[in-house]
Amino acid sequence: MFRHIVLLAWTEDATDEQKAAVAAGLGRLPELIPQLRSYVIGHDAGVSAGNHDFAVVADFDGVEDYAVYRDHPEHQAVIAECIKPILASRAAVQYHV
């Protein structure tokens with residue numbers, strides 16, 4: 001299995017509506033991208049200061065399936081339309097499980 005983890009931090013002026021649009025857009029991807037084996041997304045719980053604001057944990061059978069997800073037009077549209085306008089920073093890692 002191949003895992004992809006992304007942590008996103010929003011700009012200070014990001015609205016609740018924009019944040020909800022990110023979750024909604026990413027949340028519909030499992031219906032559209034069959035290569036996703038597991039897909040968990042969520043807003044930070046606010047327990048510890050300094051955390052990122054949003055996380056994605058996605059599992060795939062292999063690197064090739066991850067590449068399909070990474071480059072999928074619907075995924076790219078969510079990034080361009082919802083994430084980039086409010087993105088302050090991003091951290092990511094991929095590894096074999």
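### Comments concerning the pairing of strand β3 (residues 54–60)
- For β3, the buried fraction is high: 5 of the 7 residues fall into the buried class.
- Taken together, the 7 bridges between strand β1 (residues 2–10) and β3 define a ladder with antiparallel strand orientation. Counterpart to Leu 8 in the pairing with β3 is Phe 54.
- Examined bridge by bridge, strand β2 (residues 38–43) and β3 share 6 bridges and lie antiparallel to one another. Within β3, the position partnered with Ser 38 by the bridge is Asp 59.

### Focus: the environment of Val 40
- Tracing the sequence through the fold places Val 40 in strand β2.
- In this structure the C-alpha to C-alpha distance between Val 40 and Tyr 69, which are 29 residues apart in sequence, comes to 14 Å.
- Excluding anything up to four places from it in sequence, Val 40 contacts Ala 55, Val 56 and Val 57.

### Re the packing of aromatic side chains
- Taken as a whole and judged by the stated rule, the model has 5 aromatic pairs.
- Seen from their ring centres, Tyr 39 and Tyr 69 are 5.8 Å apart, and the 65° between their planes marks the pair as edge-to-face. Separated by 30 residues along the polypeptide, Tyr 39 in strand β2 and Tyr 69 in helix α3 (residues 63–71) bring together distant segments of the chain.
- Grouping aromatic residues by their ring pairs yields a cluster made of Phe 2, Tyr 39, Phe 60, Tyr 66 and Tyr 69.

### Brief notes about the side chain of His 75
- Looking at the secondary structure, you find His 75 in helix α4 (residues 73–83).
- Exposure remark for His 75: the relative accessible area of 8% places this residue in the buried category.
- When sequence neighbours within four positions are dropped, the list of residues in contact with His 75 reads Leu 26, Leu 29, Ile 33, Tyr 69 and Arg 70.

### Notes on the side chain of His 4
- Note on placement: His 4 falls in strand β1.
- Since its relative accessible area comes to 3%, His 4 is described here as buried.
- Within polar-contact distance, the side chain of His 4 engages the side chain of Gln 94 at 2.9 Å.
- Excluding residues within four positions of it along the chain, His 4 makes contact with Val 56, Val 57, Ala 58, Phe 60, Tyr 66, Tyr 69, Arg 90, Ala 92, Val 93 and Gln 94.

Basis of the calculations
Residues numbered from 1 in each chain as written. Predicted model: local features only at pLDDT ≥ 70, side-chain atom pairs only at ≥ 80, totals over all residues. Heavy atoms only, no water. Buried < 20%, exposed > 50% of the residue type's maximum accessible area, 1.4 Å probe, protein only. Helix = DSSP H or I, 4+ residues; strand = E, 2+ residues; numbered from the N terminus. Pairing = 2+ DSSP bridges. Contact = heavy atoms within 4.5 Å. Phe/Tyr/Trp six-rings, centres within 6.5 Å; stacked < 30°, edge-to-face > 60°. Polar contact = N/O pair within 3.5 Å; in protein donor to acceptor, adjacent residues only side chain to side chain.

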